[in-house]
Amino acid sequence: MMGDGAPRLLDGPDGRLPRGFHDQIDMGEVGRIAVHAQGRVKSFESHATQIMQLVTGPRNPEGRSSLYTYMDIMVRPDGYRDADIIFVKNKNIRAQIIRALDRTLNDQVRDASGQMGEVGGDGALSGSEIDAAIDRFEERMNRFLSVGLISRPLLVDDLNVHRLLSQLRQDIIRTSSDVDELDTALHVMEPRFLRSSLRIVPPPGGGYEDPWLTVEEFAGQEERIREAGLDLELRDDIVDAWRRLLLAWRDQDAGTVESAAADLNTLLPQVNTEIYPEANRLAWESWYFRANNMTWVWVIYLLSIVFLMMAVIYRWNTAAWLGFGTFMIAFGLHTFAVLLRWYVAERFPNSNMFEAVTTAAWFGGCGALLLEAWVRRTSLRNLFFLGSAVSSMVAMMAAYYMPLHLNANISNMMPVLHDVWLYIHTNVIIFSYVLIFMAAVSSLLYLGWRMLGGGPDYAKIGGAAGVIQTTADGKTYFERAKTTAGQVFDGATMVLVELAFILLWAGTVMGAIWADHSWGRPWGWDPKEVFALNTFIVFIVLLHVRLKAADKGLWTAVLAIIGAIVMVFNWTVINFVISGLHSYA
């Protein structure tokens, strides 16, 4: 929708955020206020993260938290009118917007130059001022192209941009959804919407299914408050604390904001103690989102990979112990993140893409610990830790750097997921997926060894059999000192492939049972079902090729990597590009 006038690009605002007090205020008390949204009671920190992601995308403008930005736009909207805060995800659309604004700038430069030529032209810009304004505009557009943030007036008020977005909206296949996201951002950043979304008062005398209230709505519920047996003084105290918080925020009085939020955290539970969430859960949920969902653990996994690679390549015991210790620190933090999300969400974390990816990586760590305990006296030791560390690092990096695709927001499960099969089928499948990825890691090591001159060696007795069956001297195949690096890498790949094959088969069968139970048919040629079957077929081919191929190690490694690529394709392209019944995870 067009605004009232074209934005002034020559002598207008530079898109910077208003001065704030984010470096003076502790948002802890504010973040712990409970909010009812999307059918779930969550911390204000969690709610603000979810809402502001619709506006700023993965960015935190000038390092300000989503919670701070939410409050600041709601209370001080004038400061954000010309601020570059709306995220445009598509880089091609960013470039087109810049070209449209360039046309507007050229028109304004031509008008300004004409005014300079007029005798006695009051208020005309000088040539140097025009040049400086053009430089500022180019700097702002370069920042927009790189970061993706732009202001509301440049999107709404500029005629050229308005025409462009109208054209893009008509391209349903390629760009319509991107324009819809911009419309959502423009709507969400309205102060009226932000305030109406803050349903922080539990229903007096109500139950879990009853809607919560805004403070403004609660102020007018005098009869309902009396019926619930509550004192009207409690209402007045809540209204007063909320008013003090908003006024203090407007005046940038950090101390009063913190004390008013603390008062609200004391008063609000008294409205309905039965359904108000525990203070500890709200505090932990708030911390969890402030800690970026602990996805930064990938850095510690990376450090463990360095030591574990040295241990695998050089058989250096000190590096092995350092790698094991660092891996256990990373895995311990990863475990804490999974358990904390479980506690906060009040369900096991496996029902969306973020949870499926990070929990699958955690399963890989659990599997690595069991496998390493099994092979600790063999030449396979440290390889499963290495595969798990690489898998977890990739998973956590993806969650850290792609927060729009792997959305960490905690939401209610789809109705079809409220089934015991969610915890059977889904967990078995994602466990098989991480084992497939770990097999690709050992396969890459094998191919690297071959490229550096290694011969066509392979584990002649297989994977698991090489750890179980003993020879005449009482030792297993991989306990012998004469195994080459190629045999060891191939053996580790086969152990992982064998386990992944069994779990993938079992998970697919369980999925068919669940589908028949939920949808009335065991198989429907859904894209996710088809590519899960394709992954399974790749490993069927691998096992048969291994029986017949002359260069067993090479073909095992190549097909294991192909299987991992098909699996990743199934988990990414099928989920994000091709819509289907399984697109939630």
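Residues numbered from 1 in each chain as written. Predicted model: local features only at pLDDT ≥ 70, side-chain atom pairs only at ≥ 80, totals over all residues. Heavy atoms only, no water.

**Some thoughts on the overall build of the chain**
Condition: Each helix corresponds to a stretch of at least 4 residues labelled H or I by DSSP, and each strand to a stretch of at least 2 residues labelled E; elements are numbered beginning at the N terminus. Residue exposure (1.4 Å probe, protein chains only): buried if accessible area is under 20% of the type maximum, exposed if over 50%, otherwise partly exposed. Exposure was quantified through the Shrake-Rupley algorithm and a 1.4 Å probe, taking into account, for residues, occlusion by the shown protein chains and nothing else.
Looking only at helices and strands, the chain features 23 helices and four strands. Each principal axis of the C-alpha distribution contributes one length, and for the chain these read about 100 × 75 × 55 Å. Here the chain holds 585 residues, and 52% of them are scored as buried. Surface summary for the chain: the accessible area is close to 26800 Å², and the carbon and sulfur share equals 58%.

**A closer look at the packing of aromatic side chains**
Note the cut-off: Pairing of aromatic rings covers Phe, Tyr and the six-membered ring of Trp, with a centre-to-centre limit of 6.5 Å; geometry is then stacked below 30 degrees between planes, edge-to-face above 60, and tilted otherwise.
The full count for this structure, using the stated rule, is 25 aromatic pairs. Plain terms: the ring middles of Tyr-68 and Trp-249 are 5.1 Å apart, the flat faces sit at 45° to each other, and that makes the pair tilted. Here Trp-249 lies in helix H12 (residues 232-250) and Tyr-68 lies in helix H3 (residues 66-75), a separation of 181 residues in the sequence. We classify Trp-249 as buried; its relative accessible area is 0%. On the numbers, 5.0 Å between centres and 20° between planes, the contact of Phe-501 with Phe-536 is stacked. Taken as a pair, Phe-501 in helix H21 (residues 485-519) and Phe-536 in helix H22 (residues 527-548) lie far apart in primary sequence, 35 residues in all. Members of the aromatic cluster, each reached through a chain of ring pairs, are Tyr-301, Trp-321, Phe-324, Phe-327, Phe-331, Trp-342, Phe-348, Trp-362, Phe-363, Phe-385 and Phe-431.

**Describing helix H13 (residues 254-267)**
Since the α-helix packs 3.6 residues into each turn, any two residues three or four apart lie on the same face. We apply this condition: Working rule for helices: expected span equals 1.5 Å times residues minus one. Here the arc refers to the directions that run from the helix axis out to each C-beta atom. Here, residues are in contact when the closest pair of their heavy atoms is within 4.5 Å.
In this model, H13 (14 residues) spans 20 Å end to end at C-alpha, consistent with the 20 Å of a helix rising 1.5 Å per residue. Those residues of H13 not exposed but buried are Ala-254, Val-257, Ala-260, Ala-261, Leu-264 and Leu-267. Here the buried residues of H13 occupy an arc of 155° about the axis, which is enough to place them on one side. Elements in contact with the buried residues of H13: helix H1 (28-31) and H12.

**What about a negative patch on the surface?**
The line we're drawing: Here, patches come from residues exposed beyond 30% relative accessible area and free of salt bridges, joined within 9 Å for like charges and within 5 Å for nonpolar side chains (Val, Leu, Ile, Met, Phe, Trp, Tyr). The rule for a salt bridge is simple: a side-chain nitrogen of Lys or Arg has to be within 4 Å of a carboxyl oxygen of Asp or Glu. For this count, His and the chain ends are skipped, Lys and Arg are scored as positive, and Asp and Glu as negative. Charge positions come from single atoms, namely NZ of Lys, CZ of Arg, CG of Asp or CD of Glu.
A cluster of acidic side chains, namely Asp-14, Asp-131, Asp-135, Glu-138 and Glu-139, defines a negative patch on the protein surface. For Glu-138, the position within the fold is in helix H5 (residues 127-147).

**Some thoughts on the packing of helix H16 (residues 317-345) against helix H18 (residues 383-401)**
Counted only if it meets this: For helices, the fitted line uses only the C-alpha atoms of the stretch in contact; every axis is such a line through C-alpha atoms, and the angle between N-to-C directions lies from 0 to 180 degrees. Roughly parallel means an angle under 35 degrees; roughly antiparallel, over 145; roughly perpendicular, 65 to 115; everything else is oblique. Crossing chirality is assigned from the near helix's rotation relative to the far helix, an anticlockwise turn below a right angle marking it left-handed and a clockwise turn marking it right-handed.
For the pair H16 and H18, the least separation of the axes is 11 Å and the interaxial angle reads 45°. Between H16 and H18, the angle is such that the two are oblique. The chirality of how H16 crosses H18 is left-handed. The segment H16 lies against H18, with Phe-324, Phe-327 and His-334 engaging Phe-385, Ser-388, Ala-389, Ser-392 and Met-396.

**Observations regarding the nonpolar core**
Spelled out, the test is: Take the buried Ala, Val, Leu, Ile, Met, Phe, Trp, Tyr and Cys residues and link them wherever side-chain atoms come within 4.5 Å; each set so joined is a nonpolar core.
Counting residues in hydrophobic clusters, the biggest one holds 84 residues, and the most contacted among them are Phe-44, Ile-86 and Ile-97. The greatest single-element share of this core, amounting to nine residues, is contributed by H12. When neighbours within four sequence positions are excluded, Ile-97 is seen to be in contact with Val-88, Phe-144, Ile-150, Leu-155, Val-161 and Leu-164. Formed by 80 residues, the second largest nonpolar core is a distinct cluster that contains Trp-298, Leu-383, Met-438 and Phe-539.

**Remarks on helix H14 (residues 279-290)**
The terminal C-alpha atoms of H14 lie 17 Å apart, and with twelve residues this matches the ideal 16 Å at 1.5 Å per residue to within 8%. Those residues of H14 that fall on the buried side of the exposure criterion are Arg-281, Leu-282, Glu-285, Ser-286, Tyr-288 and Phe-289. In an axial view of H14, the angular spread of the buried residues amounts to 160°, which keeps them on one side of the axis. Those residues of H14 that are exposed and angled more than 90 degrees off the buried face are Ala-279 and Asn-280. Buried residues belonging to H14 abut H1, strand S1 (34-37), strand S2 (40-43), helix H2 (44-56), H16 and helix H17 (353-374). Immediately beyond the C-terminal end of H14, within one or two residues, lies Asn-292, with a positive phi of roughly 55°.

**A few points about the pairing of S2**
The line we're drawing: When DSSP finds two or more bridges between a pair of strands, those strands are recorded as paired.
Looking at chain direction, S1 and S2 are connected through four bridges and run antiparallel. Paired with Ala-34 across the strands is Ser-43, a residue of S2. Connecting S1 to the next strand, S2, in antiparallel fashion are two residues, including Gln-38 with a positive phi near 50°.

**What to know about the pattern of salt bridges**
In the structure shown here, the tally under the stated rule is 28 salt bridges. Among the ionic pairs, Arg-40 bridges to Glu-285, the shortest N-O distance being 3.1 Å. Taken as a pair, Arg-40 in strand S2 and Glu-285 in helix H14 lie far apart in primary sequence, 245 residues in all. Grouping residues by exposure puts Arg-40 and Glu-285 together as buried.

**A short note on the environment of Lys-89**
Take Lys-89: it is sitting in the loop between strand S3 (86-87) and helix H4 (91-117). Along the chain, Lys-89 and Gly-448 lie 359 residues apart, while their C-alpha atoms are 37 Å from each other. Apart from the residues lying within four places of it in its own chain, the contact partners of Lys-89 are Arg-94, Asp-178, Glu-181 and Leu-404.

**Side note on a nonpolar patch on the surface**
A surface patch of nonpolar side chains, about 400 Å² in accessible area, is lined by Trp-296, Tyr-400, Tyr-401 and Met-402. Assignment of secondary structure puts Tyr-401 in helix H18.

**Comments concerning the side chain of Ser-43**
Looking at the secondary structure, you find Ser-43 in strand S2. Exposure remark for Ser-43: the relative accessible area of 0% places this residue in the buried category. The contact partners of Ser-43, leaving out residues within four places of it in the chain, are Gly-31, Ile-33, Leu-282, Glu-285 and Ser-286.

Limitation: the analysis is restricted to geometry and does not speak to function.
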